[in-house]
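Next come the chains, spelled out residue by residue.
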Amino acid sequence: MKQEVQWTSLMDAPLIRTEIPGKKSTELLAIQDKLETSSRSYTTFFRLAIDRGIGSTLVDVDGNVFIDWFGGVAVMNLGHGNPIVINAIKEQLDKITHLTEIPTEARINYLKRLNEVLPAGMRDRSRVMFTVTGGDACEAAVSLARHMTGKRTIIAFAGSYHGIAGGIVNATSNTHYREYAGFYNSNFFHVPYPYQYRFPWPVDKEDISKSVVGYIENIMRDHYSGVPPVAGILVEPIQGEGGYVVPPDDFLPMLRETADKFSIPLIIDEVQSGIGRTGRIWASEHYNVTPDIMCISKSIGGGIPISSIAYRSDYDNIPPAFHLGTYRGNPLGLAAGASILEYLKDSNILDRVRTKGEYLKRRMIEVQEGSRIIGEVRGKGYMIGMEIVKRGSKEPDGKAASAIRESMLKSGVLMHTCGHYSNVMRFMAPLTIEDQLLDKGLEVLSESVKKTEG
Ligand SMILES: Cc1ncc(COP(=O)(O)O)c(C=O)c1O
C-alpha cells in the first residue's frame, strides 16, 4: 500500500514578528561568537537561532516562523520531525545507540532496504561499506578505486565538491592504512564539468560532453599528458556546491563508456543529489548509468550522520580494516535511513517531486523573464539553481545573490547560494514541502529579486 505524504509544516509561515535577528537570537549568537570558532560559514549568512523544525518550517527562538528552502544543506529530505523517521529513531533509541560492526536488526534492515533501492545494475550485486560523512564516503570510494586498479590519480571536475575530510591518515603510524588512502593535491586531476552556461572553451552546445570526455580519454591514452596513471573518475551526476549544474543527457553515459574502455571505476557521488532530491532515488537513474562505486550520505540519515559507499561485489577482495572509523553505521542513523528508503519506495513522493519540480522551474523562469539579473534557471526535481549575473550580462554577481538571500531571510524564507562565484540561488527544500509553502516562497523570491535589482 502506498504511504501518504506527511503534511506537518506550520501553514502560517512565513510569520515574522521581530527584527531578524530578534532579541533572543542576538543573545545566543553573541555567546556562540564568543565561545565557538570563527571558522563558520552558515552563521554569517543566516543570523538567527532556531528553536525547532516542523516539516518544511523552522521556528526561531524569538517565535518567528520561516519557510525552509535550505533543509540543513539538502539533508532533511523528508522534513523536520517527520513522524515516520522520528518513530524509527525513538524505537532504536530504546535498544542501543552505538556499537560497532556487530550486526543489529537496524543494520541488517538498512542493508536490505538499501539493496532494494540501488540502481537496477547494482541491486543484489553490491557490497556496502559504512562511513560517517559524505567526505568520508568519497575518501573510501577513492581508496577502493586505487586498490582495484593499483593506480593513484583520480579524474575530478571543476566545480566539484566531495568534502574536506582527509589527510590525517598520513599521521597514523600503521603503514597499511596509508597504502590506498592519504591523498596529495597531485593525486587529483581536474577537468571541466560540462557546465553549458560557463564552459571554458568555445564548443557547440551539443558537443560539450564529447569535448570533456574526449579530453579525459586523451589524458589516459597519451603518456606525455603529464597525468600519472588514472585510478578512476569521480563525478557528481548533477553538481551541487558547484552551482546546481545539470550536465547534458549524454555526459554520464559517455563517462560510463570511457570508464569501461579503460577498465577504471566510475565513482558517482550521490551525496547531495541522491535520496530522491532530483525526483529519482539516485540522480544517475535519470541517465540510466550504473556506477561502479556510489557515495551516499546527507539525507540518508534524516539528520543523524551516517554515510556509506555501495560498490560492485566483484571489487570486494579488499583487506579487513581497509577504511576504518569508530562511528561508522550508527544504529540511530541506520534506523532512520531504513525508514526513509522504505518511504521513498512506497509513497508517491518522487512523482510529486518530478511534477512540482517542473512547476517550480517554470515559475522561476517567469521570474527570470521579468528580470535582467537572472542568467539561467536549471535543475531536476527539487535541485534547482538560479544563476545571478550583473544586469544584462553573463558576469557572475555573488553580491546580488547574497542580497537576495538576505532579503528572503528578512521576509521569512531560508534560501542558500552555491556556485563557483557564490552567485547561484539554490532550491533544496524538503521533498515533503506543501504546495502553499512553495508558492509563498516563490513570491518572496520574486520580490527579493525585484528589490535587489531595483
Ligand atoms: C556531492 C557532495 N559530496 C560530498 C560532500 C561532503 O559531505 P560532508 O560535508 O558530509 O563531508 C558534499 C557536501 O556538501 C557534497 O555535496
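Residues numbered from 1 in each chain as written. Predicted model: local features only at pLDDT ≥ 70, side-chain atom pairs only at ≥ 80, totals over all residues. Heavy atoms only, no water.

Engineer: If you had to explain the site of the ligand to someone new, which residues and values would you point to?
Structural biologist: All residues adjacent to the ligand are Thr133, Gly134, Gly135, Tyr161, His162, Gly163, Glu236, Glu241, Asp269, Val271, Gln272 and Lys298. The separation between a nitrogen atom of the ligand and a polar side-chain atom of aspartate 269 is 2.7 Å. Taken by itself the ligand offers 390 Å² of open surface, and the protein chains cover 83% of this. Residues that form the shell around the ligand fall into these classes: 2 nonpolar, 6 polar and 4 charged. (Near = heavy atom within 4 Å. Polar contact = N/O pair within 3.5 Å; in protein donor to acceptor, adjacent residues only side chain to side chain. Areas by Shrake-Rupley, 256 points an atom, 1.4 Å probe, with all protein chains shown as cover. Nonpolar A, V, L, I, M, F, W, Y, C, P; charged D, E, K, R; others polar.)

Engineer: Describe the sheet that holds strand S3 (residues 65-68), naming the residues involved and giving the relevant values.
Structural biologist: Ordered in space as S1-S2-S3-S13, the 4 strands form an open sheet in which the pairing is mixed. Edge positions in the open sheet fall to strand S1 (50-54) and strand S13 (413-414), since each of these has one partner strand only. Pairing geometry for S1 and strand S2 (residues 57-60), over 4 bridges, is antiparallel. Of the residues in S2, the one forming a bridge with isoleucine 50 is aspartate 60. With respect to the sheet, helix H12 (residues 435-453) is in contact with S2, S3 and S13, its orientation differing from that of S3 by roughly 95°. (Pairing = 2+ DSSP bridges. Helix = DSSP H or I, 4+ residues; strand = E, 2+ residues; numbered from the N terminus. Contact = heavy atoms within 4.5 Å. Axes fitted to C-alpha atoms, helices over the stretch in contact; angles between N-to-C directions.)

Engineer: Can you tell me about the nonpolar core, naming the residues and giving the values?
Structural biologist: Judged by nonpolar contacts, the single largest core of 62 residues is most densely connected at Trp69, Met364 and Phe427. Tallying contributions element by element places helix H9 (residues 331-346) first for this core, with 8 residues. If we skip the residues at most four places from it in the chain, phenylalanine 427 touches Trp69, Tyr244, Arg277, Leu360, Met364, Tyr382, Met383, Ile384, Met415 and Leu438. Core analysis: the second largest hydrophobic core is formed by 46 residues, Phe46, Ile219, Leu409 and Val424 among them. (Core = buried A, V, L, I, M, F, W, Y, C linked by side-chain atoms within 4.5 Å. Buried < 20%, exposed > 50% of the residue type's maximum accessible area, 1.4 Å probe, protein only.)

Engineer: An account of the packing of helix H5 (residues 105-117) against H9 is needed here, citing residue identities and associated values.
Structural biologist: Remark: H5 packs on H9, axes separated minimally by 8 Å, with the N-to-C direction vectors making an angle of 35°. Crossing geometry of H5 relative to H9 is assigned as left-handed. Mapping the contact onto sequence places Ala106, Arg107, Asn109, Tyr110, Arg113, Leu114, Glu116 and Val117 in H5 and Pro331, Leu334, Ala335, Gly337, Ala338, Leu341, Glu342 and Lys345 in H9. Of the residues in the contact of H5 with H9, the class split is 9 nonpolar, 2 polar and 5 charged. (Left-handed = near helix turned anticlockwise from the far one by under 90°.)

Engineer: Kindly report on unusual backbone geometry, identifying the contributing residues and their values.
Structural biologist: With omega at -5°, the peptide bond leading from alanine 13 into proline 14 counts as cis. When you line up the elements, proline 14 lands in the segment before helix H1 (23-35). A cis amide bond links isoleucine 20 with the next residue in sequence, proline 21, at an omega value of 0°. Mapping proline 21 onto the fold places it in the segment before H1. Phi is positive for tyrosine 244, which is not a glycine, with a value near 50°. Phi angles above zero are rare outside glycine, and serine 422 is one such case at about 50°. Position of serine 422 among the secondary structure elements: in the loop between strand S14 (416-418) and strand S15 (424-427). Note on serine 422: relative accessible area 42%, which makes it partly exposed.

Taken by themselves, the reported measurements are silent on function.
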